[in-house]
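Chains, contacts and geometry: an overview
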Amino acid sequence: MLVFYYRKVFSQVSNALQDFNTDAGTMKLSSPELTALDLLRYLHVAGSIDAIATVLSDLATRMKADKLASLARQFERTVIQRLGYLLERLGHEQVAGPLESYLHENYKPLPWVMLEPQNRKEHAQESEPPLVRSTRLARHRPSLPRD
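1. Remarks on the environment of lysine 28
Structurally, lysine 28 can be placed in strand β2 (residues 25-30). Residue classification places lysine 28 among the exposed positions, given a relative accessible area of 55%. Here the alpha-carbon distance between lysine 28 and alanine 16, two residues 12 residues apart in the chain, equals 9.6 Å. Beyond its immediate sequence surroundings of up to four residues, lysine 28 is in contact with Leu17, Gln18 and Asp19. At a separation of 2.9 Å, a polar atom in the side chain of lysine 28 contacts the side chain of aspartate 19.

Below is the structure:
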């Protein structure tokens, strides 16, 4: 079964679409920045956080920090926090930096967010998760390896 997810207000991200020429004509494709944000916005259907990190490691080399920071303003705070953390962990601090600056300038105090949203009952008995201060992110799993 194929399921499509879409946003109700498309005009907010229309400038993040790129024209791609094919034999059948031109089609619009998501930019690397929009793809990265959408992966974390639709985390529940994008697969595991590990799969998303794998895709991000390839996408990050094509992302422009200023475009990402500008586009991120159209997304939820939690999406920006998760993306900033993953980019930083994958060694793309130059791309993640503007996201962190945006978060700290616009959310005071910046609330904590879980890296992977989880069922509260499943993890109610666990000890406190490790915390990442820069992006105010809490992890319930071992740290992702750096390349």
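Additional details are given in the paragraphs that follow.
2. Let's talk about the packing of aromatic side chains
For the structure on display, the rule yields one aromatic pair. On the basis of an interplanar angle of 85 degrees and a centroid distance of 6.4 Å, the ring pair of tyrosine 102 and tyrosine 107 is categorised as edge-to-face. Residue tyrosine 102 is classed as buried on the basis of its relative accessible area, which comes to 10%. On the basis of relative accessibility, which here comes to 27%, the residue tyrosine 107 falls in the partly exposed class.

3. Focus on the pairing of β2
Relative to β2, strand β1 (residues 17-22) is paired through six bridges, and the arrangement is antiparallel. Bridging from a neighbouring strand, aspartate 19 pairs with lysine 28 of β2. Between the antiparallel neighbours β1 and β2 lie two residues.

4. Details of helix α1 (residues 32-41)
Of all 10 residues making up α1, seven are buried, and the element is well covered by its neighbours. Where α1 is buried, its residues contact β1, β2, α2 (43-46), α3 (49-59), α4 (65-72) and α5 (77-89).

5. Quick word on the pattern of salt bridges
Per the counting criterion, the structure on display carries three salt bridges. For the salt bridge of lysine 67 with glutamate 33, the shortest nitrogen-to-oxygen distance reads 3.9 Å. One end of the pair, lysine 67, is in helix α4; the other, glutamate 33, is in helix α1, with 34 residues separating them in the sequence. For lysine 67, a relative accessible area of 37% puts it in the partly exposed group. Residues arginine 41 and glutamate 76 are paired through a salt bridge, measuring 2.9 Å at the closest nitrogen-oxygen approach.

Calculation notes
Residues numbered from 1 in each chain as written. Predicted model: local features only at pLDDT ≥ 70, side-chain atom pairs only at ≥ 80, totals over all residues. Heavy atoms only, no water. Helix = DSSP H or I, 4+ residues; strand = E, 2+ residues; numbered from the N terminus. Buried < 20%, exposed > 50% of the residue type's maximum accessible area, 1.4 Å probe, protein only. Contact = heavy atoms within 4.5 Å. Polar contact = N/O pair within 3.5 Å; in protein donor to acceptor, adjacent residues only side chain to side chain. Phe/Tyr/Trp six-rings, centres within 6.5 Å; stacked < 30°, edge-to-face > 60°. Pairing = 2+ DSSP bridges. Salt bridge = Lys/Arg side-chain N within 4 Å of Asp/Glu carboxyl O.

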